[in-house]
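This is what each chain is made of:
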Amino acid sequence: MVNDKRQEFLKKYDEVFDRDGNIKLCGRYKCSELIYISDQIEPDVKHGNIDKGFMKIESIQNLKSRIGGHGICERCGTGASMVQLDAKDGICPYTGCNTGISCGMFSPLLAKNITKIS
């Protein structure tokens, strides 16, 4: 359920903010939806006024950096290579696997598995 809310938040965030963190011309309703889901995830933090659609941008962007970051799994770093390849579109496809304690998709990189490219 928590991961569902996180995925919904990330979807709503992308509807309101562009890749550079600028607000899109999306309308008050989309902003209100983003504030609502943000408040559900972090009830102790004020993310804006739902009725007016006025966002506390810093609070929402801080939440994004904590749960979505740049698409890199906070626990194991999965997705980092995708960001290095395309910094504008990198997203870890396994962020939902991260329980906060471990990531089911993480496997340590062993020296014997590394192939040197010349």
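Computed from a prediction, not measured in an experiment: that's the story for all the values here. (Residues numbered from 1 in each chain as written. Predicted model: local features only at pLDDT ≥ 70, side-chain atom pairs only at ≥ 80, totals over all residues. Heavy atoms only, no water.)

**Let's talk about the packing of aromatic side chains**
We describe a pair of aromatic rings using the distance from one ring centre to the other and the angle between the two ring planes.
Part 1: Under the defined criterion, the tally for this structure stands at 2 aromatic pairs.
Part 2: Arranged with centres 5.9 Å apart and planes meeting at 40°, the rings of Phe 9 and Tyr 13 form a pair that is tilted. Of the two residues, Phe 9 and Tyr 13 both sit in helix α1 (residues 2-16), 4 residues apart, roughly one turn of that helix.
Part 3: A ring pair is formed by Tyr 13 and Phe 17, whose centres lie 4.6 Å apart and whose planes are at 20°; its orientation type is stacked.
Part 4: Classification of Tyr 13 by relative accessible area gives buried; the value is 7%.
Part 5: A relative accessible area of 2% means that Phe 17 is categorised as buried. (Phe/Tyr/Trp six-rings, centres within 6.5 Å; stacked < 30°, edge-to-face > 60°. Helix = DSSP H or I, 4+ residues; strand = E, 2+ residues; numbered from the N terminus. Buried < 20%, exposed > 50% of the residue type's maximum accessible area, 1.4 Å probe, protein only.)

**A few points about helix α3 (residues 57-67)**
Given 3.6 residues to a turn, an α-helix orients residues that are three or four positions apart in the same direction.
Part 1: The set of residues buried in α3 consists of Ser 59, Ile 60, Leu 63, Lys 64 and Ile 67. The arc that holds every buried residue of α3, seen down its axis, measures 140°, which confines them to one face. (Arc of directions from axis to C-beta.)

**Structural notes on the state of the cysteines**
By definition, a disulfide links two cysteine residues through a covalent bond between their sulfur atoms.
Part 1: Using the criterion set out here, one finds 0 disulfides in the structure.
Part 2: Unpaired in terms of disulfides, Cys 26 finds its nearest cysteine sulfur in Cys 31, a separation of 4.0 Å.
Part 3: Cys 31 sits in the buried class, given a relative accessible area of 8%. (Disulfide = S-S within 2.5 Å.)

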